[in-house]
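One letter stands for each residue in the lines below.
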Amino acid sequence: MASQNNSGQSGAVSDLVDHLSRLPGIGRKSAERLAFHLLRVHESEAIALADAIRRVRQDVRYCEHCFNLCETTACQICSDPNRDATRLCVVEQPRDLMSLEQSGVYKGLYHVLLGRIAPLDGIGPDQLTIDALVDRVRTGNFVEVIMATNPTVEGDGTSLYVSNLLGEFPVQVTRLARGITAGSILEYANREVIADALTGRQKL
Ligand SMILES: [Zn+2]
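Residues numbered from 1 in each chain as written. Predicted model: local features only at pLDDT ≥ 70, side-chain atom pairs only at ≥ 80, totals over all residues.

S.K.: Quick rundown of the packing of helix α5 (residues 94-103) against helix α8 (residues 191-199)? Include the residues and the values.
M.R.: The contact between α5 and α8 brings their axes to 8 Å, and the two run at 90 degrees. With respect to each other, α5 and α8 are oriented roughly perpendicular. Between α5 and α8, the residues in contact are Ser99, Leu100, Gln102 and Ser103 and Arg191, Ile194, Ala195 and Leu198, respectively. (Axes fitted to C-alpha atoms, helices over the stretch in contact; angles between N-to-C directions. Helix = DSSP H or I, 4+ residues; strand = E, 2+ residues; numbered from the N terminus. Parallel < 35°, antiparallel > 145°, perpendicular 65-115°, else oblique. Contact = placed C-beta atoms within 7 Å.)

Okay, structure coming up:
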């Protein structure tokens with residue numbers, strides 16, 4: 001058991017606290033609480049967490065078609081022949097895709113941008129998967145591209161930028177209806193709201 005006295009933590013404990021405190025939303029105090037929790041739980045539980053982190057970093061990658069997370073070259077959705085390959089839904093992050101999937105309304109394909117255009121954070125179109133999206137629309141058989149970026153200033157800007165780029169192709173570009181209040185994040189919206197936003201989508 002590592003030393004827990006006030007004069008200083010063991011090297012291993014302070015190392016763990018350092019790593020945990022770099023996680024989003026975790027301050028120094030929470031990091032210490034988590035570290036001591038991990039020392040108290042059964043060893044197998046703590047090791048399972050370490051293994052899960054290792055596996056997610058070693059085995060999970062981006063789908064080569066849509067940039068969803070997967071453990072093979074193509075994700076489950078892209079590999080599913082029953083999905084409607086004429087509709088493409090564009091989201092910011094894999095977690096937005098998960099929210100839309102949980103609503104159960106949408107049966108088409110997805111494209112994950114891996115972010116949004118955010119000039120203030122120095123994120124431009126080149127850092128997203130927009131080129132790959134344009135290529136997919138150029139070579140695919142899509143009739144509709146649904147912009148499902150978040151209803152924030154940056155999400156709206158990204159949606160507008162992408163829809164302008166897609167203007168040269170014979171696809172209808174639509175945007176999720178504003179069932180989701182402006183500013184709220186797709187990730188946190190409940191499934192009924194998402195289902196309504198999808199059904200009520202409008203032409204951009
Ligand atoms: Zn995919």
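S.K.: Which residues make up the pairing of strand β6 (residues 172-175), and what values do they have?
M.R.: As defined by bridge partners, strand β5 (residues 144-147) adjoins β6 across four bridges and the pair is classed as parallel. Bridging across to β6, Met147 finds its partner in Arg175. (Pairing = 2+ DSSP bridges.)

S.K.: Mind laying out the UniProt feature "zinc finger region: C4-type" (unreviewed entry) in the protein chain, listing which residues take part and the relevant values?
M.R.: As recorded in UniProt, the feature "zinc finger region: C4-type" (unreviewed entry) lies at residues 63-78. Along residues 63-78 one finds 19% helix and 12% strand; the C-alpha atoms at either end are 8 Å apart. (UniProt positions renumbered as here; feature names shortened; annotations may be inferred.)

S.K.: Explain the domain arrangement of the protein chain to me, using residue names and the numbers behind them.
M.R.: When the parts of a complex come together, some accessible area is lost, and that lost area is often taken as the interface size. Considered domain by domain, the protein chain is made up of domain 1 (11-59) and domain 2 (66-203). A C-alpha centroid distance of 33 Å is found between domain 1 and domain 2. (Domains from an automatic or database assignment.)

S.K.: Can you lay out the nonpolar core for me, pointing to particular residues and giving the numbers?
M.R.: One broad trend across soluble globular proteins is that nonpolar side chains are buried collectively. Cys89, Val90, Val91, Val145 and Ala148 are the most contacted members of the largest nonpolar core, which has 31 residues in total. Only β3 (84-91), α5, β4 (108-112), α6 (130-139), β5 and α8 provide two or more residues apiece to this core. (Core = buried A, V, L, I, M, F, W, Y, C linked by C-beta atoms within 7 Å. Buried ≥ 20, exposed ≤ 12 C-beta atoms within 10 Å, placed from the backbone.)

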